[in-house]
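If you want the building blocks of each chain, they are given just below.
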Amino acid sequence: MEQYTSVRSPSNRTRNLTHVSPVEVSLQAALEALADPIRRRIVRELAAVPDWTRPCGTFSHLPVAKSTLSHHFSVLRNVGLLEQRDEGARRLNRLRRPEFDERFPGLLGLVVEEDYETET
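Residues numbered from 1 in each chain as written. Predicted model: local features only at pLDDT ≥ 70, side-chain atom pairs only at ≥ 80, totals over all residues. Heavy atoms only, no water.

**Student:** Just checking my understanding: could you explain the side chain of Arg 77 for this structure?
**Tutor:** Following the sequence through the fold, Arg 77 ends up in helix α3 (residues 66-78). Despite its burial, Arg 77 pairs with no opposite charge, the nearest such side chain being Asp 86 at 8.3 Å. Here Arg 77 is in contact with Leu 17, Thr 18, His 19, Val 20, Leu 82 and Gln 84, once residues within four sequence places are set aside. (Helix = DSSP H or I, 4+ residues; strand = E, 2+ residues; numbered from the N terminus. Buried < 20%, exposed > 50% of the residue type's maximum accessible area, 1.4 Å probe, protein only. Lys, Arg positive; Asp, Glu negative; His and termini not counted. Salt bridge = Lys/Arg side-chain N within 4 Å of Asp/Glu carboxyl O. Contact = heavy atoms within 4.5 Å.)

Following this line, the structure appears as structure tokens:
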């Protein structure tokens, strides 16, 4: 019997995650990433916990589909705000606050201090 080992393309879980350094990010790209209220909420929630303690699956309370949530994580990763690593079946997150603050002083502080109930 033939084996079809390469019929399926690799899943997102098996692909390597790419991380962008905040040094490589323009102010425009950072502002566009933080313009979305769901992404700002993700950032605030990650800022409130220690690094590598919050898996992506714990954000299911946000009012978006799972695929949209994955997109938001990707946007945050692509502007250097978020670092992710796989640990078993979970994808853990780290807010890259020191690196981002060095590149854009004060910007992340404004987001973290924002009251999410007043977002539009």
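Now that the structure has been shown, we can carry on.
**Student:** Explain the pairing of strand β3 (residues 90-95) here, please?
**Tutor:** Burial runs high along β3: 5 of the 6 residues are buried. Note: strand β1 (residues 54-55) against β3, 2 bridges, orientation antiparallel. Bridging from a neighbouring strand, Arg 54 pairs with Asn 93 of β3. Of the strand pairs in this sheet, strand β2 (residues 82-87) and β3 are connected by 6 bridges, and their pairing is antiparallel. Directly across from Arg 85, in β3, lies its bridge partner Leu 92. Counted between consecutive antiparallel strands, the loop separating β2 from β3 contains 2 residues, among which Gly 88 sits at a positive phi close to 65°. (Pairing = 2+ DSSP bridges.)

**Student:** Quick question: what am I supposed to make of the sheet that holds β1 here?
**Tutor:** The strands making up a sheet associate through hydrogen bonds between their backbones, and the pairing can be parallel or antiparallel. Pairing is antiparallel in the open sheet, where 3 strands are placed in the order β1-β3-β2. Only two strands of the sheet have a single partner each, and these edge strands are β1 and β2.

**Student:** Honestly, the side chain of Arg 96 in this entry has me stumped. Any pointers?
**Tutor:** Topologically, Arg 96 is positioned in the loop between β3 and α4 (97-103). What makes Arg 96 buried here is its relative accessible area of 11%. Not counting residues up to four positions away in its chain, the partners in contact with Arg 96 are His 19, Val 20, Ser 21, Pro 22, Gly 80, Leu 81, Leu 82 and Glu 83.

**Student:** Even after reading the chapter, I still don't get unusual backbone geometry, so can you show me in this structure?
**Tutor:** What is expected of a backbone is that most residues other than glycine have negative phi and most peptide bonds are trans. Phi at Trp 52 takes a positive value of approximately 65°, unusual for a residue other than glycine. Mapped onto the secondary structure, Trp 52 falls in the loop between α2 (37-47) and β1.

**Student:** I would appreciate a short explanation of the packing of α2 against α3 in the present structure.
**Tutor:** Think of two packed helices as two axes; the pair is described by the angle between the axes and how far apart they sit. Across the interface, α2 lies against α3 with an axial gap of 10 Å and an inter-helix angle of 70°. Taken together, the axis directions place α2 and α3 in an arrangement best described as roughly perpendicular. Here α2 contributes Ile 38, Arg 39, Ile 42 and Val 43 to the contact with α3, which in turn contributes Leu 69, His 71, His 72, Phe 73, Val 75 and Leu 76. Each residue belonging to the contact of α2 with α3 can be placed in one class, and the counts come to 7 nonpolar, 2 polar and 1 charged. (Axes fitted to C-alpha atoms, helices over the stretch in contact; angles between N-to-C directions. Parallel < 35°, antiparallel > 145°, perpendicular 65-115°, else oblique. Nonpolar A, V, L, I, M, F, W, Y, C, P; charged D, E, K, R; others polar.)

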